[in-house]
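Structural overview for review
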Amino acid sequence: MTAADAGTGSDPGGRFDAAAFAAVTLLTVGAVLGNGLLFVAAVVPGVYLVAEAAASPPSPGAVRVERSLGSTAVPPGRPTTVTLTVANEGDRPIPDCRLVDRPPEGATVVEGTARGCVSVRPGETASISYAVVAGHGDHEFDDPVARFRSLSAAGWRTARPSVDGDATLSCRQAAETPAVRSAARRRAGARAGDSPGRGVEFHSVREYRRGDDVSRVDWRRYAKTGDLSTVDFREPHAAGTVVVVDVRRPGRVGRAPGRPTAATLSVDAAGRLFERLSAAGDRIGLSALGVAAADVDVPVAGDRADRPWVPPGDGETTRTRTTAVLEAAADVAAERPSRPPPTVGDAGRRAPARPGALRARLPGSAAVVVVTPLLDEEAAALVETLAGADHPVLAVSPDVTGGDRPGGRVAGVERRLRLERLRARGVEVVDWDVAEPLSVAVEGSA
Amino acid sequence: MSTAPAAGRPARTTAAGSVAVGVVATLGLGAATGETAVTAVGLAAGLALAGATRAATDAETALAGMLAALGGGLGVAGVAAVTLARVPWPPTLPVPFLPAAPFLLLLAGGLVGFGAAATVWHLPPAATGRAAVAGATVAAAPAAAGVVAAGGLAAAVPVAVVAAGLVVADRPALDGPALVAGAGLVVPLAVVDGRLATVAVEAAADETRRRALVDALAVTGPLGAVAGVVVAAPALAAGFLLAVRLAADTGLLGRVAGLQLVAAGTFLAAVAGGIAGTGVVVLVGVAAALLAWDLGEFAATLGREVGRGGASRRGEFVHVGGAVALAAVAVVAAVTAAGLVRTLPASGTPATVVAAAAAAVGTLLLLAALR
Amino acid sequence: MTDRRRRLGGAVGAAAVVLAAGLFFAPGAIGSVLPVSAIARSTALSAAAGRVLALGCVGVSCLLWIARVSGDEDPGPTLPPLSAPTADEPVVGGDLDGDVEATVEAAAAGADRDEVRSELRSLAVDALVHVDGCDRTTARRRVEAGEWTDDPVAAAYLADGSTESLRRRLAARLRPRRTTRRRVDRTIAAVEALLDERERERGR
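Note that the coordinates shown come from a computational prediction; the quantities given were computed from them, not determined experimentally.

1. As for the overall build of chain A
- If you tally the helices and strands in chain A, you get 10 helices and 23 strands.
- With 446 residues in all, chain A has 59% of them scored as buried.
- Restricting the contact set of chain A to residue pairs at least 6 apart, pairs at least 24 apart contribute 78%.
- If you sum the accessible surface of chain A, you get close to 16,100 Å²; carbon and sulfur atoms cover 47% of it.

2. A word on the overall build of chain B
- Summing up its helical and strand segments, chain B has 12 helices and 0 strands in all.
- Put simply, chain B runs from its N terminus to its C terminus through helices and strands in the order α-α-α-α-α-α-α-α-α-α-α-α.
- Residues counted as buried form 46% of the 371 residues belonging to chain B.
- Of the roughly 15,700 Å² that chain B leaves accessible, carbon and sulfur atoms contribute 74%.

3. With respect to the side chain of T28 of chain A
- For T28 of chain A, the position within the fold is in helix α1 (residues 15-33).
- Excluding anything up to four places from it in sequence, T28 of chain A contacts L364 of chain B together with L55, G56 and G59 of chain C.

4. Structural notes on helix α10 (residues 281-305) of chain B
Residue and element names in this part refer to chain B.
- Spanning 25 residues, α10 covers 36 Å between terminal C-alpha atoms, matching the ideal 36 Å at 1.5 Å per step.
- Counting buried positions along α10 yields 22 of 25 residues, so the element is predominantly enclosed.
- In the stretch just after α10, G307 is the one whose phi turns positive, near 85 degrees.

5. Some thoughts on helix α8 (residues 207-249) of chain B
Residues and elements named next belong to chain B.
- In a regular helix each residue adds 1.5 Å, so 43 residues correspond to 63 Å; α8 covers only 50 Å between its end C-alpha atoms and thus falls short of that length.
- Of all the bends in α8, the greatest, near 95 degrees, is centred on G221, and the proline P222 appears no more than four residues after it.
- Between the side-chain oxygen at the start of α8 and the backbone nitrogen of T208 there is a gap of 3.2 Å, and the oxygen is on D206.
- Positioned one or two residues after α8, G251 has a phi angle of 90 degrees, which is positive.

6. Some details on the pattern of salt bridges
- Across all of its chains, the model carries 40 salt bridges over all chains by this definition.
- Between R248 of chain A and D246 of chain A there is a salt bridge, with the nearest N and O atoms lying 2.9 Å from each other.
- The exposure class assigned to D246 of chain A is buried, which follows from its relative accessible area of 4%.
- With a shortest N-O distance of 3.2 Å, R86 of chain B and E35 of chain B are connected by a salt bridge. Residue R86 of chain B is found in the loop between α3 (61-84) and α4 (101-121), and its partner E35 of chain B is found in the loop between α1 (12-33) and α2 (36-57); the two are separated by 51 residues along the sequence.

7. Structural notes on the interface of chain B and chain C
- Contacts between the two partners involve 35 residues from chain B, matched on the other side by 35 residues from chain C.
- Together chain B and chain C conceal approximately 3,000 Å² of surface at their shared face, both sides included; 77% is due to carbon and sulfur atoms.
- Applying the counting criterion to the chain B and chain C interface returns 4 residue pairs in polar contact (both at pLDDT 80 or more).
- Those elements that provide at least two residues to the side of chain B that touches chain C are α3, α10 and α12 (350-370) of chain B.
- Looking at which element gives the most residues to the side of chain B that touches chain C, the answer is α12 of chain B, with 18 residues.
- Split into classes, the residues belonging to the side of chain B that touches chain C amount to 23 nonpolar, 7 polar and 5 charged.

8. With respect to the packing of helix α9 (residues 377-388) of chain A against helix α10 (residues 406-424) of chain A
Residue and element names in this part refer to chain A.
- Across the interface, α9 lies against α10 with an axial gap of 10 Å and an inter-helix angle of 10 degrees. Here α10 runs roughly parallel to α9, going by the angle between their axes. Here E377, A380, A381, V383 and E384 of α9 come into contact with α10, specifically with R418, R421 and L422.
- The residue inventory of the contact of α9 with α10, partitioned by class, reads 4 nonpolar, no polar and 4 charged.

9. Section: the sheet that holds strand β16 (residues 241-246) of chain A
Residues and elements named next belong to chain A.
- What the 7 strands build is an open sheet, ordered β18-β19-β17-β16-β20-β21-β22; its pairing is mixed. At either margin of the open sheet sits one strand with a lone partner, and together these are β18 (301-302) and β22 (428-433).
- Summarising the sheet, β16 and strand β20 (residues 367-371) pair through 5 bridges and their orientation is parallel. Note that in β20 the partner of V245 across the bridge is V371.
- Strand contacts of helix α5 (residues 262-279): β16, β17 (284-289), β20, β21 (393-399) and β22, with the helix running at about 165 degrees to β16, the strand carrying the most contacts.

10. Quick word on a negative patch on the surface
- Taken together, D295, D297, D306, D331 and E335 of chain A make up a surface patch of like negative charges.
- Along the chain, E335 of chain A falls in the loop between α6 (316-334) and α7 (347-350).

11. Description of unusual backbone geometry
Residues and elements named next belong to chain A.
- Backbone geometry at D306 places phi at a positive 60 degrees, although glycine is not the residue there.
- With respect to the helices and strands, D306 occurs in the loop between β18 and β19 (308-313).
- Exposure remark for D306: the relative accessible area of 43% places this residue in the partly exposed category.
- The phi dihedral of D390 falls on the positive side, at around 70 degrees, and the residue is not glycine.
- On the secondary structure map, D390 appears in the loop between α9 and β21.
- On the basis of relative accessibility, which here comes to 67%, the residue D390 falls in the exposed class.

12. Considering the pairing of β22 of chain A
Residues and elements named next belong to chain A.
- Within β22, 5 of the 6 residues are buried, which leaves the element mostly enclosed by the surrounding structure.
- Pairing of β21 with β22 involves 6 bridges; the strand directions are parallel. Bridging across to β22, V396 finds its partner in V430.
- Considered for its hand, the β-α-β crossover made up of β21, α10 and β22 is right-handed.

13. Description of a nonpolar patch on the surface
Residue and element names in this part refer to chain B.
- Taken together, the side chains of V187, V191, V192 and L196 make up a nonpolar region of the molecular surface, amounting to roughly 330 Å² of accessible area.
- Structurally, V192 can be placed in helix α7 (residues 176-202).
- Judged by relative accessible area, which is 31%, V192 ranks as partly exposed.

14. As for the nonpolar core
- Ranked by internal contacts, the top residues of the largest apolar core, which has 75 residues, are L26 and Y48 of chain A together with F114 and V286 of chain B.
- Listed in part, the 38 residues of the second largest apolar core include V267, V325, A329 and A411 of chain A.

15. As for the pairing of strand β4 (residues 80-88) of chain A
Residue and element names in this part refer to chain A.
- Most of β4 sits out of view: 7 of its 9 residues are buried.
- Judged from the 7 bridges that link them, strand β2 (residues 63-69) and β4 form a sheet pairing that is antiparallel. When the sheet's bridge partners are listed, R67 is paired in β4 with L84.
- Pairing of β4 with strand β8 (residues 125-134), which is carried by 8 bridges, proceeds in the antiparallel orientation. By the bridge assignment for β8, V86 is matched with A126.

16. Some words on the confidence of the model for chain A
- Confidence in the prediction for chain A averages 76 pLDDT; 75% of positions are at 70 or higher.
- Segment residues 175-230 of chain A is flagged for pLDDT under 50; beyond a separation of four residues in sequence, or across chains, it makes 130 contacts in the model.

17. Comments concerning the confidence of the model for chain B
- Across chain B, the average pLDDT comes to 85, with 94% of residues at 70 or higher.
- Predicted confidence is poor over residues 1-6 of chain B, with pLDDT under 50, and the contacts of this stretch with residues over four places away or in other chains come to 3 contacts.

18. Some details on the sheet that holds β2 of chain A
All names here are of chain A.
- What the 5 strands build is an open sheet, ordered β6-β8-β4-β2-β12; its pairing is mixed. With partners counted over all chains shown, the strands left at the sheet margins are β6 (107-111) and β12 (163-165), one partner each. Looking at each pair of strands side by side, their axes are set apart by 35 degrees on average, direction ignored.
- Strand direction decides the pairing type here: β2 and β12, joined by 3 bridges, are parallel. Bridging across to β12, E66 finds its partner in D164.

19. As for the side chain of T179 of chain C
Residues and elements named next belong to chain C.
- Relative to the helices and strands, T179 resides in helix α11 (residues 176-203).
- Judged by relative accessible area, which is 11%, T179 ranks as buried.
- A polar side-chain atom of T179 sits 2.5 Å from the main-chain carbonyl oxygen of R175.
- With residues up to four places along the chain from it excluded, the contact list for T179 reads A171 and A172.

20. Re the environment of A159 of chain A
- Along the chain, A159 of chain A turns up in strand β11 (residues 155-161).
- A C-alpha to C-alpha distance of 6.3 Å links A159 of chain A and R147 of chain A, two positions 12 residues apart in sequence.

Rules used in this analysis
Residues numbered from 1 in each chain as written. Chains lettered and ligands numbered in written order. Predicted model: local features only at pLDDT ≥ 70, side-chain atom pairs only at ≥ 80, totals over all residues. Heavy atoms only, no water. Helix = DSSP H or I, 4+ residues; strand = E, 2+ residues; numbered from the N terminus. Buried < 20%, exposed > 50% of the residue type's maximum accessible area, 1.4 Å probe, protein only. Contact = heavy atoms within 4.5 Å. Areas by Shrake-Rupley, 256 points an atom, 1.4 Å probe, with all protein chains shown as cover. Expected span 1.5 Å × (residues − 1). Bend = angle between axes of the 7 residues up to and from the residue. Polar contact = N/O pair within 3.5 Å; in protein donor to acceptor, adjacent residues only side chain to side chain. Salt bridge = Lys/Arg side-chain N within 4 Å of Asp/Glu carboxyl O. Buried area = accessible area lost by both parts, 1.4 Å probe. Nonpolar A, V, L, I, M, F, W, Y, C, P; charged D, E, K, R; others polar. Axes fitted to C-alpha atoms, helices over the stretch in contact; angles between N-to-C directions. Parallel < 35°, antiparallel > 145°, perpendicular 65-115°, else oblique. Pairing = 2+ DSSP bridges. Patch = residues over 30% accessible without salt bridge, like charges linked within 9 Å, V, L, I, M, F, W, Y side chains within 5 Å. Lys, Arg positive; Asp, Glu negative; His and termini not counted. Charge placed at Lys NZ, Arg CZ, Asp CG, Glu CD. Right-handed = clockwise from strand over helix to strand, strands pointing away. Core = buried A, V, L, I, M, F, W, Y, C linked by side-chain atoms within 4.5 Å. pLDDT = per-residue confidence, 0-100.

Now the structure itself:
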């Protein structure tokens, strides 16, 4: 392999200056006091000095580095794992290799760090791994930097080993083609005993766990399996289902810096819902709150509040439009406002949800799935309005609140109160703990 | 959630190993020298001073001042214990020459205790200045009381003038809670000072010394004398803390000051052991000091280059193994050398005297030149 | 310049070590060349004070030399720095975190400004309305009277007028930052406990 050698050196003020210091002190004190043992004790730091002179850091040429991505194409906001493997192809052990990967500018490391210190025997491999989240587009990884030290770790040699394997992460909304387990596609009403008017029922499997910490978020598992929390649709709905994704300003915050925003997670959830429901043969429509219809790449209709509106359908046009709207929503969702929105009070006035404009577009008995982080009053009010207008409503709410910060906990309490209020009014709410991935199942299709 | 970035903190496992090596070696050397209690008191004093520094960084000045006074008080107690074990009470001038080892062990314990706590709490050495100031603030009221008690009304006026001047000139720096805490100390002192003076006088070893003590008390008054002892504690603490600060400012202490102090303290304990003539243990002590330093440096560079979030467990274990092996080799080499030296004729012939001097100077110059 | 001095020091040092070795193993040979006994009788070696001074001077100057040299070593190319996560990115509830920090700093400076209390008060009122089903006025009165939680710290923090014990007020003076943070934490925890209790009751 080719390795650009970026130089050698030793740590300034390093431990072997200390050895010299100790030796001189012992010699001086021993000689001054006529203390033979202290004089002889200078042999101890002397051995350290000899060890320093004898050691040389291993050569970077014996190392092969390979990077592999959990998935090279993911939707924006979906984490993916990056594994950097170091193989020692030389005949000397490499006791200390510090590896710093350089992920793309547009990507954020959400689990672990892109660094590690490995120790590799000849013929062995060692690896470090971490998870990144990126926005829309293609993202190029830079070559990592590696620093090699001998066992005593006195001097080092730095290199930029070139990397085999994956170097590009591509983020597109349509990147994920769902594995459609084709089965008998049934329309609502095909099964006897279904209550008329309420052709759709939802329930979530996993219950909310309070106080889940950011550090517990198992993105690696999420990226690998993509399956834990389940929204279970008993049946596709006759009059079609409209997915409303909420990416208004209050949701464009993450649980911690560098974490995906609640809005990004909402778009991700909406994308999954759309894929699963349409795979099950349902007619799906889409609206995105907080997105301007003009910002969508393909021409789409708008509602009174100029938000994109894709009427329920199951054709290719619907799919194209929906994908474009979700792409636009993903872009908006990743735009973080420079100032965090207020948790209480006037949030609603700044980011109105305008349920009236949405209702004007909704077909009379369509089921509505609102994907919203419920971080402001407006979102809860919208769900209440829709439920009051006799639409079967399901709210799917990614939870980015909590953690240790007082702000996160207070936002968590406020969100909980909203959630309870909705449940008290008979709305089904899936409280999606984002520590666990959301999966959508439609019983009729599986 | 604490937003303090973990970046730059020493790697956890290795830093813990370094601190453990330092603490165990120092206590061991203290025990080998027969000064376990003094070493432990030094450790406790170091911990208290680190606590003072930590409190000072949290704007808890009163607490910082009290902890500094506690740490200084332990130091004063240690010095007093070492001295009084060898000199009859009350010590009068001239004080005979005292062995250096116990004092060095006290200081070594202080350095190791402070360094260990500073590593765990990640204290910046610059904050020690604030702790020293807090300690001085706590001492202000007892000092003023002592001066007034010793000098009567004549002294009260200048003290009042100085106090008023400080208030006018340096208002924001005056810290209410710390001053009040110091004033709180004066009250119990004023209650017990007479009784303490009686006990001190009765404990005197002989009549001459008793008379000297009584004379001294007549000058200062009992409250003045007791306040003087109380003020000595924050003063000693401030001296220690400011020395750490000075070492950091002159670049002797780097980013991981705590780990460096642990290693330096262990080294000092080893030298103390050598001076006291404890034998081969000294060689192990020196090796332990260098091992602590080795691990500390490794933890520091690892923390800087990889950080605590990175996977480094295996690399750390490999280095720890290597470092322990190197220390063991160094001990074996030094013990062998010590054995060889013992076989040499230990005589005062002119040739051996000149040879020893030449060897010492030559090795020193070579070492310096090799750097 | 430094290199020349270094080489000179090295040469003198090596010569001295060779001399020492010679004196140990062949004292006669060296003695015929050098006036060994005269050197041994010189003040720097025979008098204890002289010996201490001479050796001490050499030792201390070596230490200073090492301290000087160790500072100006070139650290060489560095690894990409560890970057702390960008702190200005908005996080959920970030504005309240800012208020808490401002209040904590105000407390450390001895000021009595509190930007969090009113927000937490309305949060507690909302939670109480939800849990007990009472109206807002009643809930507000109960919060102001400190009769909404068993936690004395939380109750005293949101209550109208300080009902804190002397011990707590003293603690607040001694440890302003920690006490302020603790009050906020305990209050949020008390509100969370209200909701948890309600959830448990309903679960039963």
